[in-house]
Amino acid sequence: MTTVIGGIALALLVGVGFAAAARRIRQPAVVGEIAAGICLGPSLLGLLPGDLPEKFFPDEARAHLGTAAQIGLILFMFVIGWEFDGTSFSGRRKSTGIIWLSSIACPLALGMGLAALIYGTYGTVNGKETGMFEFTLYLGVAMSITAFPVLARIVADQGLQFSRAGALSLALAAADDVLAWCMLALVVALVTATGTGAFVTMLLWSLVYVAGMLWIVKPALRKVTDRLPLTPGPQIMVIAACGAFGSAWLTSEIGIHAIFGAFFFGLVMPRDRRLMQSAFGPMESASKLLLPLFFVVTGLSVDLTTITGQGLLVMLAVIAVACVGKLGGVAIPARLTGMNWRDATVLGLLMNTRGLTELVILNVGLQLGLLTVELFSAMVIMALVTTAMAAPLLSALLARQNERAHEELLKSRPAVSAISSPK
């Protein structure tokens, strides 16, 4: 147990240090945290003498670290579901429908195409052959994700929250992620079901779960919220946490992974100001405290030394497909539907960020036996690259726009002076 405590302390310390370093170079904290997790694993720490990853995080301690990481992940997914606001997308359905469909369809199709090409090399995991349809669909879904929390932070840092591209990116990312989670649930059901009958049973129980949450739990939560005092006590946070963990346990029992239960319970939670003031902040803080452990657990599974020459080419292809599918799949239809190239490119860059949400999906794929260590490592690097590239490219793009606006203002001044001066 002392080794576990020491490992937790090390993970939190390194995670905070890397996050601070990322902020200093104007990157989201998640970029530093992902890098910290990779560095604490065999990719960097393992290269030093003494087998340090095994010393700091031995096998018997990793189970405890994994449990703590799962707790943080469940709280994180619950908070994300609670933050989701469907009304932000409803008012833009007609003008953004094409962009939204393309933002999912393009990376999904390109990801499935790439998966089909590399299936012969990566279709067998730990001596067991994966189903081609499950493998290709999973990789397509992994390419389609956008990290809503990281995106929101980048939008705020760049001052884009009141711009058309910034507001639209938040709405599109929220809708993208909900659809991607649904498709991932389908992949999980396909992989975990032992036969057609078991798969149908799992789907039926999933429908029962969704119906119960929407028609029973959601109205009940609303009635309880209406009876809350003006200043609810701390027990509200405990009740919300019980609901998140209970819903996560239920979906895990059904067979569609615990993260879906936590996320869906967040979706049905009332957006009441009193409730969010009492419970949202503490639960978000708890998730942020434990999430560095999730990055470490992920980093221990990433081994860049396993990437061969062919694996390097696959990693570059993964990054290229991810960028072309998401950035191009958003920017081009945005331009075709009337947005100028500058705003369309900004929108595409924002939607191309993947961050922590991508790591969640990749860990699910690793647990399901859909990813080899080499492909998992390549996908993690893709998540890191696509997230890290957003801020500097956006800053350069916005700076260039400001320079052009300043030049145009200077050019217009002589004309204005000539008009305003007396004859």
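Summarised in this report is the structure supplied together with it. (Residues numbered from 1 in each chain as written. Predicted model: local features only at pLDDT ≥ 70, side-chain atom pairs only at ≥ 80, totals over all residues. Heavy atoms only, no water.)

This brings us to the overall build of the chain. Counting its regular elements, the chain contains 18 helices and two strands. Computed over C-alpha atoms, the radius of gyration of the chain comes to 23 Å, within 12% of the 22 Å expected from 2.2 N^0.38 for 423 residues, which places it in the range of a compact globule. Structurally, the chain occupies a C-alpha span of about 90 × 60 × 45 Å along its principal axes. When the 423 residues of the chain are sorted by exposure, 51% land in the buried category. (Helix = DSSP H or I, 4+ residues; strand = E, 2+ residues; numbered from the N terminus. Rg over C-alpha atoms; globule rule 2.2 N^0.38 Å. Buried < 20%, exposed > 50% of the residue type's maximum accessible area, 1.4 Å probe, protein only.)

Looking now at helix α14 (residues 309-336). When the terminal C-alpha atoms of α14 are compared, their 39 Å separation across 28 residues agrees well with the 40 Å that a helix rising 1.5 Å per residue should span. One or two steps after α14, the chain reaches Gly338, where phi turns positive at roughly 115 degrees. (Expected span 1.5 Å × (residues − 1).)

Here the focus is the packing of α14 against helix α15 (residues 341-351). Direction vectors running N to C along α14 and α15 enclose 150 degrees, while the axes themselves pass 8 Å from each other. The orientation of α14 with respect to α15, classified from their angle, is roughly antiparallel. With respect to the hand of their crossing, α14 and α15 are arranged in right-handed fashion. Judged by residue contacts, Lys326, Leu327, Val330, Ala331, Ala334 and Arg335 of α14 engage Trp341, Ala344, Thr345, Leu347, Gly348, Leu349 and Met351 from α15. Looking at the contact of α14 with α15, its residues break down into nine nonpolar, two polar and two charged. (Axes fitted to C-alpha atoms, helices over the stretch in contact; angles between N-to-C directions. Parallel < 35°, antiparallel > 145°, perpendicular 65-115°, else oblique. Left-handed = near helix turned anticlockwise from the far one by under 90°. Contact = heavy atoms within 4.5 Å. Nonpolar A, V, L, I, M, F, W, Y, C, P; charged D, E, K, R; others polar.)

This paragraph deals with the side chain of Glu33. Along the chain, Glu33 turns up in helix α2 (residues 29-39). No salt bridge is formed by the buried Glu33; the nearest opposite charge belongs to Arg23, separated by 5.8 Å. Not counting residues within four places of it along the chain, the set of residues in contact with Glu33 comprises Gly15, Ala19 and Phe295. (Lys, Arg positive; Asp, Glu negative; His and termini not counted. Salt bridge = Lys/Arg side-chain N within 4 Å of Asp/Glu carboxyl O.)

This brings us to the pattern of salt bridges. Within this structure, the stated rule accounts for two salt bridges. The closest approach of N and O atoms between Glu54 and Arg62, which form a salt bridge, is 3.9 Å. With a relative accessible area of 29%, Arg62 lands in the partly exposed category. Residue Asp343 is joined to Arg342 by a salt bridge in which the shortest nitrogen-to-oxygen separation is 2.3 Å. Overall, Arg342 belongs to the partly exposed group, its relative accessible area being 25%.

Scanning the model with the defined rule gives six aromatic pairs in all. Taken together, a centroid distance of 5.5 Å and an interplanar angle of 65 degrees make the contact between Trp82 and Phe280 edge-to-face. Placement of the pair is Trp82 in helix α4 (residues 59-83) and Phe280 in helix α13 (residues 273-301), with a sequence separation of 198 residues. Phe280 shares its class with Trp82; the two are buried. (Phe/Tyr/Trp six-rings, centres within 6.5 Å; stacked < 30°, edge-to-face > 60°.)

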